[in-house]
Amino acid sequence: MAGQRRDDSGRVASDGRAGSPERADTAADVSAHRIRRAGDRDRGPLLSWPLSVAWRGLQLYTPLRGLALSGPEPFRLYAAPADPLPGDPALGTTILSGALPGRGGNSGVGDGEPWLNLARRSVRHQWFVHSFEWLPDLMAAADRDAAQELGVQLIRDWVARYPGPGADPQAWHPHATARRLIAWTAHAQLVQRAAARTPSPNALTAMARQARHLRLVYPRRGHLPARIVALSALLMAALALDMPELKPRRLARHVAHLLDLFLHDDGGPISRQPAHAVGVLRILMLLRELHRARGLPQPAWIGERIRSVVSFLRGISLGDGSLARFNGGTAMSAAAVLHLLHQADPAAPVRVSAPATGFERLSAGGVTCVIDSGPPPPPDLSTRAGAGTLSFEMSDGDYPLVVNMGSASQHGLPEKLTSVARATAAHSTLVIDDTNSTRAEADGLRRGVESVGVRRAVSEAGTLLDLAHDGYRHRLGVVHERQLFLAGDGKRLVGADRLVGAGRNKLAIVDLRFHLHPRVGVRVSRDGLSADLSHPGGRAWRFRADGRVVKTEESLFIDADAGPVRTKQLVVRVAAPVPADALRWSLERIALPRDAGDA
């Protein structure tokens, strides 16, 4: 366990300075656990047995397909929930101006676009355009009347251009179809207006046909998030359009079952991706509103899961409300996150420790630190995840100080930048020989961290975290141990990083990296032994590394609003031979220098 050390290991005692480990053991509350990495998640087929599979095959690949998509035409929407997910007003204005931002570039909106020439784009870009996931952004545009008119027009255009699966396989792909059903349900008033302006088959009929199609083609096994989205879309369609043929009670049971598989008891997803937690929360909130609008009894699991997920998301939020940038992060702004969580459950408590998902929170005196204390997600759920085990983010009041680079994949940026954002060096942690703690490949995170030990001790002096991961053990023969101590008044964060193992003497370079938020000013002292940080809130912090030289290097921050923004990072470099003692460092609040500014 990470907390079991000798006195000469450089352990940080409860007063935040190197000292005797017995001082930390006087804590009033001590907890410890170890998280081991899970393998690929494939729980086998759901809602599938030989006879039903054979029947679905007949419906899909024979002339019976047209019959399978037909049925009673809905005359109206029986529920029209408001989308709880706040859109991006800037993106909405961009869409209104004639460009639809997406993965891998923009699509035009006017003159029959974005559908024209869409087949030339990547499959993922096609899915994104067909999914209507951009509707919340369009509806957030300042000119709401124009946004609604364009939304109605685009829904009508889509229905006319893609009447069935034969029109375009990507338009009716399960990935796009499920997300489109959710988007249209969340913006049902637009669908209702589009249906009123178009003779049969109208938008409501199109929704019903899409639901019947999705019932046949949704993924029965494999990727859990995709299965949750698909079955949730079917349940929403069944409730909004009153389609008893979809068997909504049975769908609800299966959605609940999949969420039990996907969410830990602490509310976090097994993918460890904040974006997945936000997506699940949106689904749960829409289901809650649909049940209310229909006057139906709400299943207890909906409210329970909402509170659990909200508590988890609050636990990984910084002081400004933004979600810490771990494992792909999220493209949501801090204001959007705060709005979503308040709408979901304003009374949900903040979770300070998520031991199953693998996150810890330190908070005192207005200072917040969120720490990645878990192994990487399973390989099949980590294509966007980063190799950032034991990295942390820190905020002072409403102002982030120390951050991770963020997620390029959320903004459709070049693949090269996505790879950079997933690297260990893009996180605020220790990096050995510029090597990732877990190998990051296009199809997920592979060999590296298998387990993480965590010990949390809380006392009047503050909170101490003892952490350790084995990501470098097989390749480099060392284990990374990290201690973080936040004083009870929030004015001092002290850290100690140590490499333990026979391979330590063979290492060439070890870097301690601390990526800074773009609004943080930094000035390195003349002797290079400290760096003063300042933020717009009028406070300053001094970084020291126990007598080691501190340098600044260029970095990038993937901002939820502005995309990639240039920033700085603090780097403490240790060349061979790497010492056996811990590399100690501290961030301490100081009086703001009169001439504080950027270096």
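Conventions adopted
- Residues numbered from 1 in each chain as written.
- Predicted model: local features only at pLDDT ≥ 70, side-chain atom pairs only at ≥ 80, totals over all residues.
- Heavy atoms only, no water.
- Phe/Tyr/Trp six-rings, centres within 6.5 Å; stacked < 30°, edge-to-face > 60°.
- Helix = DSSP H or I, 4+ residues; strand = E, 2+ residues; numbered from the N terminus.
- Buried < 20%, exposed > 50% of the residue type's maximum accessible area, 1.4 Å probe, protein only.
- Salt bridge = Lys/Arg side-chain N within 4 Å of Asp/Glu carboxyl O.
- Core = buried A, V, L, I, M, F, W, Y, C linked by side-chain atoms within 4.5 Å.
- Contact = heavy atoms within 4.5 Å.
- Pairing = 2+ DSSP bridges.
- Axes fitted to C-alpha atoms, helices over the stretch in contact; angles between N-to-C directions.
- Parallel < 35°, antiparallel > 145°, perpendicular 65-115°, else oblique.
- Left-handed = near helix turned anticlockwise from the far one by under 90°.
- Nonpolar A, V, L, I, M, F, W, Y, C, P; charged D, E, K, R; others polar.
- Polar contact = N/O pair within 3.5 Å; in protein donor to acceptor, adjacent residues only side chain to side chain.

> What should I look at first to understand the packing of aromatic side chains in this one?
Both the distance between ring centres and the angle between the ring planes are used here to describe each pair of aromatic rings. Per the counting criterion, the structure on display carries 12 aromatic pairs. Each ring, one from Phe-514 and one from Trp-585, has its centre 4.8 Å from the other, and the planes form 70°; the classification is edge-to-face. A residue pair is termed long-range when its members are at least 10 positions apart, and Phe-514 in strand β16 (residues 509-516) and Trp-585 in strand β22 (residues 583-590) qualify at 71 residues. A relative accessible area of 1% means that Phe-514 is categorised as buried. An aromatic cluster of at least three residues, connected via ring pairs, comprises Phe-132, Trp-134, Trp-158, Tyr-162, Trp-172 and Trp-184.

> When you look at the pattern of salt bridges in this model, what are you seeing that I'm missing?
It is possible for side chains bearing opposite charge to pair when their charged atoms get close. Under the defined criterion, the tally for this structure stands at 27 salt bridges. Arg-473 is the partner of Asp-470 in a salt bridge, and the nearest nitrogen-oxygen pair spans 3.7 Å. Since its relative accessible area comes to 6%, Asp-470 is described here as buried. One salt-bridge network, held together by shared partners, links Asp-511, Arg-513, Glu-553 and Arg-573.

> Can you walk me through unusual backbone geometry in this structure?
Comment: phi is negative for the bulk of residues other than glycine, and the bulk of peptide bonds are trans. The residue after Ala-576, namely Pro-577, is reached through a cis peptide bond having omega 0°. Topologically, Pro-577 is positioned in the loop between β21 (563-575) and β22. Look at Leu-390: it is not a glycine, yet its phi comes out positive at around 70°. Inspection of the secondary structure assignment puts Leu-390 in the loop between β6 (367-372) and β7 (392-396). Located in the positive-phi region is Asp-546, a residue other than glycine, with phi close to 55°. Positionally, Asp-546 belongs in the loop between β19 (540-544) and β20 (551-559). Here Asp-546 falls in the partly exposed class, since its relative accessible area comes to 48%.

> Explain the nonpolar core here, please?
It is characteristic of soluble globular proteins that their nonpolar side chains tend to be buried jointly. Counting 102 residues, the largest nonpolar core has Phe-132, Trp-184, Leu-281 and Leu-313 as the members making the most contacts within it. Not counting the four nearest positions on each side in its chain, Trp-184 is found in contact with Phe-132, Leu-135, Ile-155, Trp-158, Val-159, Val-191, Ala-203, Met-207 and Gln-210. Counting 45 residues, the second-largest nonpolar core is a separate cluster that includes Phe-392, Leu-467, Leu-499 and Ala-531.

> Can you help me understand the sheet that holds strand β14 (residues 479-487) in this one?
Working definition: the strands of a sheet are paired by backbone hydrogen bonds and lie parallel or antiparallel to each other. Strand order in this open sheet of nine strands is β1-β12-β13-β14-β15-β22-β19-β18-β17, and the pairing throughout is antiparallel. Bordering the open sheet on either side are β1 (29-36) and β17 (521-524), each of which pairs with just one other strand. Averaged over all pairs of adjacent strands, the angle between strand axes in this sheet comes to 15°, irrespective of strand direction. Pairing between strand β13 (residues 462-469) and β14: eight bridges, direction antiparallel. Note that in β14 the partner of Leu-467 across the bridge is Arg-482.

> How should I be thinking about the packing of helix α7 (residues 174-186) against helix α10 (residues 224-240) in this particular structure?
The packing of two helices is summarised by the inter-axis angle and the distance between the axes. Between α7 and α10, the shortest axis-to-axis distance is 8 Å and the interhelical angle comes to 40°. Here α7 lies oblique to α10, going by the angle between them. Our pair here, α7 against α10, has a crossing hand that is left-handed. Taking contact as the criterion, the partners of Ala-178, Arg-179, Leu-181, Ile-182 and Thr-185 in α7 are, on α10, Val-229, Ala-230, Ala-233, Met-236 and Ala-240. Residue composition of the contact of α7 with α10, by class: eight nonpolar, one polar and one charged.

> I'm lost on the pairing of β7 in this one. Help?
The two faces of the sheet receive side chains in turn, since in a regular strand these alternate between them. Most of β7 is tucked away: five of the five residues are buried. Burial along β7 is two-sided: the face carrying Phe-392, Met-394 and Asp-396 and the face carrying Glu-393 and Ser-395 are both buried. Judged from the five bridges that link them, β6 and β7 form a sheet pairing that is antiparallel. Counted as the bridge partner of Val-370 is Glu-393 from β7.

> Would you mind showing me how to read the side chain of Ser-555 here?
Along the chain, Ser-555 falls in strand β20. Here Ser-555 falls in the buried class, since its relative accessible area comes to 10%. Here His-515 takes part through its side chain, which lies 2.8 Å from a polar atom of the side chain of Ser-555.

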